[in-house]
Amino acid sequence: MKKLFVVGNPVEHSKSPEIHNHWLRKYNQEFHYEKLQLSLDNKIFVKQKHDLIKKIREGEIKGINITVPFKTEFTDVLDEIDESAKLAKAVNTIYKKGEKIFGANTDGIGFCNSLEEDFNFLVPPTIGILGAGGAAFGILSELIKYKPINIEIWNRTTSNARKLVDNFKYSGISKNTHWKIHDLSRGVHSYIQLFINTSYLGMKADHKLGDYFLSLMPRHGFVYDINYNQEFTIFNQMADYRGVDPQKNVNGKYMLIRQAAESFKKWFNINLNKNDIDEAVNLLRD
């Protein structure tokens, strides 16, 4: 049976096999999706990388998903890189189209699709983002296409936030977007309509920000913590205490599944429906 893989190090925590193997069975695709841990030794990793791409070219492997720390390590072996991956400066999906091997980043479109299709919330004019790492780059690679009026970034290191802002500010996609950068001493302002946590802050109690951080968040706004390993993250708790609508206070489970659906589409040209998405969500609840 031909294979698909999620590759990373570590990779044992990945939920992707549960999601994809369910869809593969449902749509009678004779493939199996597995985890593959790659080496952190660069010499070994380079050989593994070239071997994977060779097998994709030859049809032995249908495609791969890439997780940390390798999302920036495959660009030199690809024939073409999608606009999403160029803007995100990272590749999380590799697929073959014709005779060429492509790299894409499905995080941004997965996030936006989950926001609109699963929570019926349109991308608003004013957005706040905590974090300036790879996840923020990935989400902004799609969000910026909605031409928001204001995007504000909170990050512990403001120089890293500046790199993030400059990447998108000068991309030419949304020239009229206004950007602001804050350190963590300032909380989210009352005019922020969508707040997204892309950082690891909040994953553990000792990383918790001050209670002030979401104290001005509008109750009709949306709080989206992309971390999915906790059903109700510390940020979700803070938003709940603030009185944010529970239907607009979510973790990253739907984003995880929606970005997986975009990978599935690139591999099999199958548009998964809302029922497929909800089935995957229920799988992860079990």
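Structure: see above.
Residues numbered from 1 in each chain as written. Predicted model: local features only at pLDDT ≥ 70, side-chain atom pairs only at ≥ 80, totals over all residues. Heavy atoms only, no water.

(A) Spatial organisation of the pairing of strand β2 (residues 31-37). The pairing of strand β1 (residues 2-8) with β2 spans seven bridges and is parallel. Paired with Lys2 across the strands is Phe31, a residue of β2. Considered for its hand, the β-α-β crossover made up of β1, helix α1 (residues 16-26) and β2 is right-handed. (Pairing = 2+ DSSP bridges. Helix = DSSP H or I, 4+ residues; strand = E, 2+ residues; numbered from the N terminus. Right-handed = clockwise from strand over helix to strand, strands pointing away.)

(B) Seen up close, the side chain of Asp276. Tracing the chain through its elements places Asp276 in helix α9 (residues 274-285). By relative accessible area, Asp276 is classed as buried at 0%. A polar atom in the side chain of Asp276 sits 2.7 Å from the side chain of Tyr27. Setting aside its immediate chain neighbours within four residues, Asp276 contacts Trp23, Lys26 and Tyr27. (Buried < 20%, exposed > 50% of the residue type's maximum accessible area, 1.4 Å probe, protein only. Polar contact = N/O pair within 3.5 Å; in protein donor to acceptor, adjacent residues only side chain to side chain. Contact = heavy atoms within 4.5 Å.)

(C) Spotlight on unusual backbone geometry. Of the consecutive residues Asn9 and Pro10, the connecting peptide bond is found in the cis state with omega at 0°. With respect to the helices and strands, Pro10 occurs in the loop between β1 and α1. Looking along the chain, the bond that leaves Val68 and enters Pro69 is cis, with omega of 5°. In this structure, Pro69 sits in the loop between β3 (61-66) and β4 (80-81).

(D) How the structure looks around the pattern of salt bridges. Tallying each qualifying case throughout the model produces 17 salt bridges. The salt bridge partner of Asp276 is Lys26, with a shortest N-O separation of 2.5 Å. On the criterion of sequence distance, the pair formed by Asp276 in helix α9 and Lys26 in helix α1 is long-range, its members being 250 residues apart. Residue class for Lys26 comes out partly exposed when judged on its relative accessible area of 33%. Between Arg258 and Asp118 there is a salt bridge; the shortest N-O distance is 2.9 Å. Of the two residues, Arg258 sits in helix α8 (residues 253-268) while Asp118 sits in helix α4 (residues 107-118), which places them 140 residues apart along the sequence. By relative accessible area, Arg258 is classed as buried at 9%. Salt bridges here are not isolated pairs; linked through shared partners, they connect Asp118, Arg258, Lys274 and Asp278. (Salt bridge = Lys/Arg side-chain N within 4 Å of Asp/Glu carboxyl O.)

(E) Representation of the nonpolar core in the model. The biggest cluster of nonpolar side chains holds 56 residues, and the ones touching the most others in it are Trp23, Phe111, Leu140, Leu143, Ile153, Ile196 and Tyr224. With nine residues, the top contributor of residues to this core is α8. If we ignore the near neighbours within four places in the chain, the residues touching Tyr224 are Phe111, Ser114, Leu115, Phe119, Phe195, Ile196, Asn197, Val250, Asn251, Gly252, Tyr254 and Met255. Membership of the second largest hydrophobic core comes to 18 residues, among which are Leu38, Ile61, Phe74 and Ile94. (Core = buried A, V, L, I, M, F, W, Y, C linked by side-chain atoms within 4.5 Å.)

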